[in-house]
Amino acid sequence: MSKNTANSAFRKIDVDQYNEDNYKEEECGESQSPPKNKLFTIFIDEIFKFSKLSLTFCHFTGKNIEALKTVLRNAPISSRNQMVKDAALNVVMLVLLSVKSAQMEEAVNALDREQLDILMKYIYRGFETPSEGSSGHLLAWHEKVHAVAGVGSIVRVLTDKKRV
């Protein structure tokens, strides 16, 4: 039998702080809700219109891989603004659907591990909102990314709390 059973010092630890239900998001400085400022909304729309124009230029000049690298490098992962994330998804889907099947493997091989994970996030997000003909193309992208990045990429994407 223990000598010190009357000691209650061990009971002063707050075990509820380790509960996963009490998780608090990291502060990023942006608001969770969509912006109320109309000028800000117009500004975001103009930025993504410009992005679409520059990506369209890359598409017509045959620089699809550079366009893909650009959109993955500038992905709004830490943003909490859903409008920004939706606009970025539209731009990424435009780029992904413009790359031909023969160019996919070359494009995937040109990306680093972080960019492959971001690409996999966009592929899964594209599966959430399918458009006509996009699912088959996204499955082909998924196959190519999985061949290069392996199962680890899928696990990292599904367990990451930062969404695109």
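The protein appears in an unreviewed UniProt entry as Actin-related protein 2/3 complex subunit 5 from Ceriodaphnia reticulata. Listed under Subcellular location (unreviewed entry) in UniProt, the entry text for the protein is "Cytoplasm, Cytoskeleton". The record held by UniProt for the protein lists under Function (unreviewed entry) the comment "Functions as component of the Arp2/3 complex which is involved in regulation of actin polymerization and together with an activating nucleation-promoting factor (NPF) mediates the formation of branched actin networks. Arp2/3 complex plays a critical role in the control of cell morphogenesis via the modulation of cell polarity development."

S.K.: Where do I start with the side chain of His 142 in this structure?
M.R.: Take His 142: it is sitting in helix H6 (residues 134–149). Not counting residues up to four positions away in its chain, the partners in contact with His 142 are Met 120, Ile 123, Tyr 124 and Ile 154.

S.K.: Sorry if this is basic, but what is going on with the environment of Lys 161 here?
M.R.: Among the secondary structure elements, Lys 161 is positioned in the segment after helix H7 (151–159). For Lys 161, a relative accessible area of 51% corresponds to the exposed category. The spatial distance from the C-alpha of Lys 161 to the C-alpha of Ile 77 is 9.9 Å, given a sequence separation of 84 residues.

S.K.: I tried to follow helix H4 (residues 101–109) on my own but got confused; where do I start?
M.R.: A turn of α-helix holds 3.6 residues, and therefore any two residues three or four places apart point the same way. Within H4, burial applies to Met 104, Ala 107 and Val 108. For H4, the arc enclosing every buried residue in end-on projection is 90°, short of the 170-degree limit, so these residues lie on one face. Set apart from the buried face of H4 by more than 90 degrees, the exposed residues are Ala 102 and Glu 106. The inward-facing, buried residues of H4 abut helix H2 (64–73), helix H5 (113–128) and H6.

S.K.: Would you mind showing me how to read the packing of H2 against helix H3 (residues 82–98) here?
M.R.: The relative placement of two packed helices is expressed as an angle between their axes plus a distance between the axes. Between H2 and H3, the shortest axis-to-axis distance is 10 Å and the interhelical angle comes to 155°. When the axis of H2 is compared with that of H3, the two are roughly antiparallel. Note on packing geometry: the crossing formed by H2 with H3 is left-handed. Facing Asn 64, Ala 67, Leu 68 and Val 71 of H2, the residues of H3 in contact are Val 91, Val 92, Val 95, Leu 96 and Ser 98. Per-class residue counts for the contact of H2 with H3 are seven nonpolar, two polar and no charged.

S.K.: Mind showing me how you'd approach the nonpolar core here?
M.R.: As a rule of thumb, soluble globular proteins bury nonpolar side chains together. Judged by nonpolar contacts, the single largest core of 32 residues is most densely connected at Leu 68, Leu 72, Leu 96, Leu 119, Tyr 122 and Trp 141. Contributing elements (two or more residues each) for this core: H2, H3, H4, H5, H6 and H7. Setting aside anything within four residues of it in sequence, one finds Trp 141 in contact with Leu 68, Leu 96, Val 99, Met 104, Ala 107, Val 108, Leu 119 and Ile 123.

The rules behind the values
- Residues numbered from 1 in each chain as written.
- Predicted model: local features only at pLDDT ≥ 70, side-chain atom pairs only at ≥ 80, totals over all residues.
- Heavy atoms only, no water.
- UniProt positions renumbered as here; feature names shortened; annotations may be inferred.
- Helix = DSSP H or I, 4+ residues; strand = E, 2+ residues; numbered from the N terminus.
- Contact = heavy atoms within 4.5 Å.
- Buried < 20%, exposed > 50% of the residue type's maximum accessible area, 1.4 Å probe, protein only.
- Arc of directions from axis to C-beta.
- Axes fitted to C-alpha atoms, helices over the stretch in contact; angles between N-to-C directions.
- Parallel < 35°, antiparallel > 145°, perpendicular 65-115°, else oblique.
- Left-handed = near helix turned anticlockwise from the far one by under 90°.
- Nonpolar A, V, L, I, M, F, W, Y, C, P; charged D, E, K, R; others polar.
- Core = buried A, V, L, I, M, F, W, Y, C linked by side-chain atoms within 4.5 Å.

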